[in-house]
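Next come the chains, spelled out residue by residue.
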Amino acid sequence: MARASKAYDVFFSGCSWLAMYHVGVAAKLVEKKVRIRSFAGASSGSLIAVALASGVKPECLRRSISHLAKVSNFLFESLACFLRLSLTLDFHRRRGPSTLASSGASRPC
């Protein structure tokens, strides 16, 4: 009697910057023809899990995520530039101690 190959449960964690790593793992799972019993994920990991479970090819995921990263970075930079131009330097003092934010960039627009 032939022994059935082992099936795995796959969970992709949340965190948008890990999405490309998840796609790499997905590509290896597909390449090695690993049998998956169930898919799960949180946040961006759930998108990768759903795509894999639906049969989306990892290369297609990689291209989509690369495109989204470029668009997201443009939107982030635009918002950061707007905030740097719009907010006064003492904004956090005037709004109170509960305001703590950083655009992550210190260069002018």
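Structure: above.
Residues numbered from 1 in each chain as written. Predicted model: local features only at pLDDT ≥ 70, side-chain atom pairs only at ≥ 80, totals over all residues. Heavy atoms only, no water.

(A) Spatial organisation of the overall build of the chain. A tally of helices and strands in the chain yields four helices and two strands. Secondary structure elements of the chain, listed N to C terminal, follow the sequence β-α-β-α-α-α. Buried positions account for 20% of the 109 residues belonging to the chain. Within the chain, residue pairs in contact and separated by at least 24 positions form 72% of the contacts whose partners lie at least 6 positions apart. Accessible surface for the chain amounts to roughly 8,500 Å². Of this, 63% is attributable to carbon and sulfur atoms. (Helix = DSSP H or I, 4+ residues; strand = E, 2+ residues; numbered from the N terminus. Buried < 20%, exposed > 50% of the residue type's maximum accessible area, 1.4 Å probe, protein only. Contact = heavy atoms within 4.5 Å. Areas by Shrake-Rupley, 256 points an atom, 1.4 Å probe, with all protein chains shown as cover.)

(B) How the structure looks around the pairing of strand β1 (residues 7–12). As defined by bridge partners, β1 adjoins strand β2 (residues 35–41) across six bridges and the pair is classed as parallel. Looking at β2, one finds that D9 is bridged to S38. Once you follow β1 into helix α1 (residues 19–31) and on to β2, the crossover reads as right-handed. (Pairing = 2+ DSSP bridges. Right-handed = clockwise from strand over helix to strand, strands pointing away.)

(C) A look at the nonpolar core. Of all hydrophobic cores here, the largest spans twelve residues; its members are V10, F12, A19, V23, A26, L29, I48, A49, A51, L52, L61 and I65. Dropping the residues within four chain positions of it, A19 is found in contact with S44, I48 and I65. (Core = buried A, V, L, I, M, F, W, Y, C linked by side-chain atoms within 4.5 Å.)

(D) Inspection of the layout of surface pockets at higher detail. Taken as a whole, the second largest pocket holds about 260 Å³ of empty space. Tallying contributions element by element places helix α3 (residues 58–86) first for the lining of the second largest pocket, with six residues. Split by residue class, the lining of the second largest pocket holds ten nonpolar, four polar and no charged. (1 Å grid on protein atoms, 1.4 Å probe; cavity = no way out; pocket = protein on both sides within 12 Å on 5 of 7 lines; lining within 4 Å. Points joined across faces, edges and corners; volume = space filled by probe spheres on them. Nonpolar A, V, L, I, M, F, W, Y, C, P; charged D, E, K, R; others polar.)

(E) Representation of α1 in the model. Over its 13 residues, α1 runs 18 Å from end to end, which matches the ideal 18 Å to within 8%, given 1.5 Å per residue. Three or more residues of α1 are buried, namely A19, H22, V23, A26 and L29. Along α1, the residues classed as buried sweep out an arc of 120° about the axis, all on the same side. Where α1 ends, the next residue or the one after it, K33, has phi of about 55°, a positive value. (Expected span 1.5 Å × (residues − 1). Arc of directions from axis to C-beta.)

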